[in-house]
Amino acid sequence: METITKIVTRFGGVSLLPVAVALLAFVLIGAPSSWVTLTIAGLAMGMMIFLMASGLSLVFGLMDVMNFGHSAFISFGAFIAASVLAGLSGWLGSDLIILNIAALFLAFAAAILFGMAAGWFFEAVIIKPVYKDHLRQILITMGALIVAEQMILALWGGAPMTVHRPQFLEGSFLIGDITIEVYRAFAFMLGLAVYVALYLTLNRTRIGLLIRAGVENREMVEALGFRIDRLFVGVFMLGSALAAMGGAIWAGYETLITPALGGEMMIVVFIVVIIGGLGSIEGTLLGAIMVGLMANYVGYLAPKLALTSNMILMMVILLWRPNGLKPAVK
Amino acid sequence: MSILSLKAMKTDIGQYAVLHDVTLEVPQGGVFVLLGRNGAGKTTTLRSIMGLWKPSAGSVIFRGQDISEMHTAEIARLGISFVPEDMGIFGGLTVEENLILATAKGQFDNARLARIYELFPALETFWTKQAWSLSGGQKQMLSVARAIIEPRELILVDEPTKGLAPAIIDAMADAFREIAQTTTILLVEQNFEFAKSLGRDMAVIDDGRIAHSGSMADFAADKPLQDRLLSLSA
Ligand SMILES: Nc1ncnc2c1ncn2[C@@H]1O[C@H](COP(=O)(O)OP(=O)(O)OP(=O)(O)O)[C@@H](O)[C@H]1O
Ligand SMILES: [Mg+2]
């Protein structure tokens, strides 16, 4: 047993978990081409969830702030991007790929800018008065989520909204007899790019070093002469912007969005950060990939269990590792 | 001249009044020792100086300036560093990262680094290791090294010998002696032998008040006073 543990640790430890899940699913599913399609869908979904969850995890890690309003940024990002795309539908249908890309870029930029501005406002007005008080944090950020959902209802109405996709992201391509949806490949690549950028920032820059140290021990970083509270505003804005961006990509993936989106994603996002271990970006990625894969495999194998599968996953992982798979060192 | 004076400092933690009246003059240079029983308020005193607890009354004067209302980060930038009781090491960071973080500009001054390697050779050996993997003594060395990686005026050190083996305690004493040539050290200790070998001036805190202050030589000679102020009973 001990040698097995050693070998597993050597090759990546808990990071191998998604591989194990994928192998198990391969055996259970039987049909290789379905398995590949589901795996790619799961990875794409995982990457989008990662974008939505990463900010929440960092914010909790750095300041011990539990923000239940986080998913408001996701839904606003989705609706803002969808509106921009609707407004630019002429560009989207165009054969000129440059117009396609421009429309997509503007939609994402609008969501991201909104996320940053709203994050700044949210931190200053709602979070700052309740630092160090978890109960009030939960109450006030939940309240903010309800207000945000009502605002979306008021602005966009309750009916589901169709999301226009740019032409070049429609359809799918074939590799052998495996079909891959273009949008899924795009979502996966975009999420991966953001992860790499975040990883490099955290591990190769001075700001990243301060954030990692602050996640471990905020007081000590302050005692070394750095204003964590000022850094925190920046992290909060970044996290909100990533959530809005995640929402924007998600909107294009679902192609039909409703104001209930935020509430639904909130549960998923919390499961992910708890599975992954709060405060760690690697853990969040791992948790998101696990949840994405599970949702797709279970959805195919036992559709009735799809909803509960992630809850069960969370409980099993927490029984095994109460701090999550890859918690930041505390 | 004093580098630090505490004037009738009071500190509450939540609704508990922990420090009632702490009045202290720490002279410039050398090691000043603050003694006291468990729970007397030593850690709270250091944390109040560092701005990690805000004093509710009284003042903290550092080189003529009242710092009692300042933010911890600003206090640090005035030249005060802190070696907390739990060492405050960043376990997920390497030894190098722990130290480079503590530099003001993100760059090492080679002369200072050489001096730190000389004081604590283990840190050079484990330079690229994550700090959680160090031994207790090595973590303590890292914490002290971090406090002197930039030139500082005053270092607050909270029970650096706690849980350390005698050989490491001796090495730590040598290091403090060396550091005290250029910097004032305010040292909180329970290990009286260690404190006696380093301190020139001293004070005893008891139940949130300064119960005695004077020279270490006088205090070391007065056994009844030691018993009264430091023994477990009473
Ligand atoms: N966070 C806190 N909340 C409530 N009371 C506290 C807190 N920290 C310390 N105290 C109380 O304040 C008093 C002084 O504590 P402090 O840690 O300053 O003592 P100390 O002299 O450093 O003791 P030790 O030698 O055990 O480290 C104690 O009675 C302690 O119980
Ligand atoms: Mg103490």
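Here the structure is a predicted model, which means the values were calculated and not measured.

*Asks:* Requested: an account of the packing of helix α3 (residues 32-63) of chain A against helix α11 (residues 228-254) of chain A, with residues and values cited.
*Replies:* All names here are of chain A. At a closest axis distance of 9 Å, the pairing of α3 and α11 adopts a crossing angle of 160°. The angle between α3 and α11 falls in the class roughly antiparallel. Judged by the sense of rotation from one axis to the other, the crossing of α3 with α11 is left-handed. Taken together, the residues of the contact of α3 with α11 sort by class into 18 nonpolar, 5 polar and 1 charged.

*Asks:* Now, about the interface of chain B and chain A: what can you tell me, with residues and values included?
*Replies:* Between chain B and chain A, the contact holds 28 residues from the first and 18 residues from the second. At the boundary of chain B with chain A, total buried surface from both sides reaches about 1900 Å², with 61% on carbon and sulfur atoms. Per-residue buried area on chain B facing chain A is highest for H71, F90 and L101 of chain B; these three make up 28% of the total on that side. Counting every contact that joins chain B to chain A gives 3 salt bridges. Linking R47 of chain B and E219 of chain A is a salt bridge whose minimum nitrogen-to-oxygen distance equals 2.7 Å. Across the chain B-chain A interface, the total number found is 10 residue pairs in polar contact (both at pLDDT 80 or more). Contributions of two or more residues to the side of chain B that touches chain A are made by α2 (72-77), β6 (80-83) and α3 (95-101) of chain B. It is α2 of chain B that provides the largest number of residues to the side of chain B that touches chain A, a total of 5 residues. Of the residues that constitute the side of chain B that touches chain A, the class distribution is 14 nonpolar, 7 polar and 7 charged.

*Asks:* An account of the site of ligand 1 is needed here, citing residue identities and associated values.
*Replies:* Residues and elements named next belong to chain B. In the neighbourhood of ligand 1, 13 residues make up the surrounding shell, with K42, T43, T44, E85 and Q190 lying closest. Backbone polar atom of G41 to an oxygen atom of ligand 1: 3.0 Å apart, as the coordinates give it. Contact with the protein chains hides 62% of the accessible area of ligand 1, taken as 630 Å² for the molecule alone. If one sorts the elements of the shell around ligand 1 by residue count, helix α1 (residues 42-49) sits on top with 3 residues. Considering only residue class, the shell around ligand 1 consists of 3 nonpolar, 6 polar and 4 charged.

*Asks:* Would you mind going over the coordination of the magnesium ion (ligand 2) in detail, with residue names and values included?
*Replies:* Surrounding the magnesium ion (ligand 2) are the protein donor atoms T43 of chain B (OG1) and E85 of chain B (OE), which sit 1.9 to 2.5 Å from the metal. Placement of T43 of chain B in helix α1 and of E85 of chain B in the loop between β6 and α3 is noted, with a sequence separation of 42 residues between them.

*Asks:* Before we move on, could you go through the domain arrangement of chain B and cite the residues and values that matter?
*Replies:* Residue and element names in this part refer to chain B. Looking at the assigned domains, one finds that chain B contains domain 1 (2-79 + 152-230) and domain 2 (89-150). A straight line from the C-alpha centre of domain 1 to that of domain 2 covers 24 Å. Taken together, the 12 residues of domain 1 in the interface contact 12 residues of domain 2. Carbon and sulfur atoms make up 66% of the surface buried where domain 1 meets domain 2, a total of about 1100 Å² over both sides. Here domain 1 and domain 2 share 1 salt bridge between them. Residues E178 and R115 are paired through a salt bridge, measuring 3.1 Å at the closest nitrogen-oxygen approach. At the boundary of domain 1 with domain 2, the tally comes to 3 residue pairs in polar contact (both at pLDDT 80 or more). Counting residues per element, the side of domain 1 that touches domain 2 draws most heavily on helix α7 (residues 166-179), which supplies 6 residues. Of the residues that constitute the side of domain 1 that touches domain 2, the class distribution is 8 nonpolar, 1 polar and 3 charged.

*Asks:* Give a description of the pairing of strand β3 (residues 178-181) of chain A that names residues and reports values.
*Replies:* Residues and elements named next belong to chain A. Here β3 shows one buried face, formed by I178 and I180, and one open face, formed by T179 and E181. Note: strand β2 (residues 172-175) against β3, 4 bridges, orientation antiparallel. Bridge pairing in β3 places F173 opposite I180. Between β2 and the antiparallel strand that follows it, β3, lie 2 residues; G176 among them carries a positive phi value of about 60°.

*Asks:* I'd like a rundown of the pattern of salt bridges, residues and numbers included.
*Replies:* Residue and element names in this part refer to chain B. A complete count under the given rule lists 16 salt bridges over all chains for this structure. Close ionic contact of R63 with E153 constitutes a salt bridge, the shortest N to O distance being 3.4 Å. In this pair, R63 is assigned in the loop between β4 (57-62) and β5 (65-66) and E153 in the loop between α6 (136-148) and β7 (154-158), connecting sequence segments 90 residues apart. Judged by relative accessible area, which is 46%, R63 ranks as partly exposed. By relative accessible area, E153 is classed as partly exposed at 28%. A salt bridge links D174 to R177, with the shortest nitrogen-to-oxygen separation between them at 3.1 Å. Residue D174 and its partner R177 are both found in helix α7; the two are separated by 3 residues, about one turn of the helix. Residue class for R177 comes out partly exposed when judged on its relative accessible area of 38%.

*Asks:* Tell me about the pairing of strand β2 (residues 16-27) of chain B, and please be specific about residues and values.
*Replies:* Residue and element names in this part refer to chain B. Sheet topology places strand β1 (residues 2-13) next to β2; 8 bridges connect them, and they run antiparallel. Its bridge partner being in β2, S5 is matched across the sheet by E25. Counted between consecutive antiparallel strands, the loop separating β1 from β2 contains 2 residues, among which G14 sits at a positive phi close to 60°.

*Asks:* Before we move on, can you summarise a nonpolar patch on the surface with the specific residues and values?
*Replies:* Residue and element names in this part refer to chain A. A grouping of I267, M311, I312, M315 and V316 is seen on the molecular surface, where their side chains present a nonpolar patch of about 450 Å² in accessible area. Tallying contributions element by element places helix α14 (residues 306-320) first for the nonpolar patch, with 4 residues. If you trace the backbone, I267 turns up in helix α12 (residues 261-276). On the basis of relative accessible area, I267 is assigned to the partly exposed category, the value being 47%.

Cut-offs used in this document
Residues numbered from 1 in each chain as written. Chains lettered and ligands numbered in written order. Predicted model: local features only at pLDDT ≥ 70, side-chain atom pairs only at ≥ 80, totals over all residues. Heavy atoms only, no water. Axes fitted to C-alpha atoms, helices over the stretch in contact; angles between N-to-C directions. Helix = DSSP H or I, 4+ residues; strand = E, 2+ residues; numbered from the N terminus. Parallel < 35°, antiparallel > 145°, perpendicular 65-115°, else oblique. Left-handed = near helix turned anticlockwise from the far one by under 90°. Nonpolar A, V, L, I, M, F, W, Y, C, P; charged D, E, K, R; others polar. Contact = heavy atoms within 4.5 Å. Buried area = accessible area lost by both parts, 1.4 Å probe. Salt bridge = Lys/Arg side-chain N within 4 Å of Asp/Glu carboxyl O. Polar contact = N/O pair within 3.5 Å; in protein donor to acceptor, adjacent residues only side chain to side chain. Near = heavy atom within 4 Å. Areas by Shrake-Rupley, 256 points an atom, 1.4 Å probe, with all protein chains shown as cover. Donors = N, O, S within 2.8 Å, 3.2 Å for Na, K, Ca; no water. Domains from an automatic or database assignment. Buried < 20%, exposed > 50% of the residue type's maximum accessible area, 1.4 Å probe, protein only. Pairing = 2+ DSSP bridges. Patch = residues over 30% accessible without salt bridge, like charges linked within 9 Å, V, L, I, M, F, W, Y side chains within 5 Å.

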